[in-house]
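Inside the fold
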Amino acid sequence: MPSKVAIFARHYTRLFSDPRMAVLFDTEEDDANVSAQEHGRRLALFLLARWTGDDSYYRLGRGHPIGNLYRAHQRVSPCVLPSPNLSHRQEACKLKDLLV
C-alpha cells in the first residue's frame, strides 16, 4: 500500500507547487492545512476503502469518506467537483497532473 499512497502524494505535491492550483486549497481549516503528502495519503486511503474495502481510511477516525470529500470540496475556491469555475489553465493542470 505505501507505493499507492506515494503516487497520490506526488500528485498533491505537484498541485501544491503550481501557483495556479495551490490557490484552490483552503488552508484556513485545521483539517485542510496539512502537507501535500497528507492530502495524498488521505485520498489514497479513501479510494482504497471505496474500491477494495480496506479499512485504513476508517482507522484515521475522520468519519465517512464521501461526506468528508463533499465538505472538503465545498471549501475549495472555486469548487473543483465538478469543475465549472476552474480556468482553462487550471483545468489543464489538474488533468495533466492526474495523467503524469
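Anything mentioned here points back to the structure above.
Notes on the structure follow. (Residues numbered from 1 in each chain as written. Predicted model: local features only at pLDDT ≥ 70, side-chain atom pairs only at ≥ 80, totals over all residues. Heavy atoms only, no water.)

On to the overall build of the protein chain. Broken down by element type, the protein chain carries six helices and zero strands. Within the protein chain, the fraction of its 100 residues that count as buried is 33%. Counting only contacts in the protein chain whose residues sit at least 6 apart along the sequence, the fraction spanning at least 24 positions is 49%. Surface summary for the protein chain: the accessible area is close to 6,400 Å², and the carbon and sulfur share equals 58%. (Helix = DSSP H or I, 4+ residues; strand = E, 2+ residues; numbered from the N terminus. Buried < 20%, exposed > 50% of the residue type's maximum accessible area, 1.4 Å probe, protein only. Contact = heavy atoms within 4.5 Å. Areas by Shrake-Rupley, 256 points an atom, 1.4 Å probe, with all protein chains shown as cover.)

Here we come to the environment of Arg41. Mapped onto the secondary structure, Arg41 falls in helix α3 (residues 36–52). The partly exposed category is assigned to Arg41, whose relative accessible area is 30%. Sequence-wise, Arg41 and Ala9 are 32 residues apart; in three dimensions their C-alpha atoms are separated by 6.3 Å. Ignoring sequence-local partners within four residues, the contact set of Arg41 consists of Val5 and Leu60.

With that settled, the discussion passes to the pattern of salt bridges. As enumerated under the stated definition, the model contains three salt bridges in all. Glu38 serves as the salt-bridge partner of Arg41, at 2.9 Å between the closest nitrogen and oxygen. Within this pair, Arg41 and its partner Glu38 are both found in helix α3, separated by three residues, close to a single helical turn. For Arg59, the salt bridge goes to Asp55, with nearest N and O atoms at 3.1 Å. (Salt bridge = Lys/Arg side-chain N within 4 Å of Asp/Glu carboxyl O.)

Let us look at the packing of aromatic side chains. A complete count under the given rule lists three aromatic pairs for this structure. Ring centres of Tyr12 and Phe16 lie 6.4 Å apart, and the angle between their planes is 80°; on these two criteria the pair is classed as edge-to-face. One end of the pair, Tyr12, and the other, Phe16, are both in helix α1 (residues 2–17), four residues apart, so they sit about a helical turn from each other. By relative accessible area, Phe16 is classed as partly exposed at 30%. On the numbers, 6.0 Å between centres and 90° between planes, the contact of Tyr57 with Tyr58 is edge-to-face. Taken together, the ring pairs connect Phe46, Tyr57 and Tyr58 into an aromatic cluster. (Phe/Tyr/Trp six-rings, centres within 6.5 Å; stacked < 30°, edge-to-face > 60°.)

Core analysis: the largest hydrophobic core is formed by eight residues, namely Val5, Ala44, Leu45, Phe46, Leu47, Leu48, Ala49 and Tyr57. Here this core takes six residues from α3, the largest share from any one element. Leu47 has contacts with Phe8 and Thr52, leaving out every residue within four places of it along the chain. Core analysis: the next-biggest nonpolar cluster, separate from the first, contains five residues, Leu15, Met21, Leu24 and Ala36 among them. (Core = buried A, V, L, I, M, F, W, Y, C linked by side-chain atoms within 4.5 Å.)

This is a description of form; function is not addressed.
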